[in-house]
Amino acid sequence: MRALLWVVGVVAGVLILLGLLLEAVRWLAIIGVIALVIVIVWAFIKGRQTVQQHSQRR
């Protein structure tokens, strides 16, 4: 009986940790996508500024 309780406890712990890990991965993916969008927008803005500065010098 004790072994069964240990097995149930270990399986429950693994399932809880797996759930937390999957939730963390989901949030990390969302944060990564947001960061990627910010970097793309920032690069686009910097590129436009560089082109405008270059055209004003001519």
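Cut-offs applied
Position labels on residues start from 1 in each chain and follow its written sequence. Residues qualify for local features only when their pLDDT is at least 70, as the model is predicted, and side-chain atom pairs are given and counted only at 80 or more; totals for whole chains, interfaces and linings, by contrast, use all residues. Hydrogen atoms and water are omitted, and side-chain values are computed over all heavy atoms in the structure. Counting from the N terminus, the helices are DSSP H or I runs at least four residues long and the strands are E runs at least two residues long. Partly exposed residues are those whose accessible area sits between 20% and 50% of the maximum for their type, while under 20% is buried and over 50% is exposed, using a 1.4 Å probe and protein chains only. Residue burial considers only the protein chains on display, and all accessible areas are found by Shrake-Rupley using a 1.4 Å probe. A patch is a set of surface residues, each over 30% in relative accessible area and not in a salt bridge, joined within 9 Å for like charges and within 5 Å for the nonpolar side chains Val, Leu, Ile, Met, Phe, Trp and Tyr. By salt bridge we mean one thing: a side-chain nitrogen of Lys or Arg within 4 Å of a carboxyl oxygen of Asp or Glu.

### A few points about the overall build of the protein chain
Next, step 1: Helices and strands together make up the secondary structure of the protein chain, namely one helix and zero strands.
Next, step 2: Burial analysis of the protein chain (58 residues in total) assigns 0% to the buried set.
Next, step 3: Carbon and sulfur atoms provide 77% of the accessible area of the protein chain, an area that totals close to 5700 Å².

### Focus on a nonpolar patch on the surface
Next, step 1: Among the surface-exposed residues, Val-7, Val-11, Leu-15, Leu-18, Leu-21, Leu-22 and Val-25 lie close enough to one another that they form a single nonpolar patch of about 660 Å² accessible area.
Next, step 2: Note on placement: Leu-22 falls in helix H1 (residues 2-57).

### Remarks on the environment of Gly-32
Next, step 1: In this structure, Gly-32 sits in helix H1.
Next, step 2: Of the residues examined, Gly-32 reaches a relative accessible area of 35% and is grouped as partly exposed.

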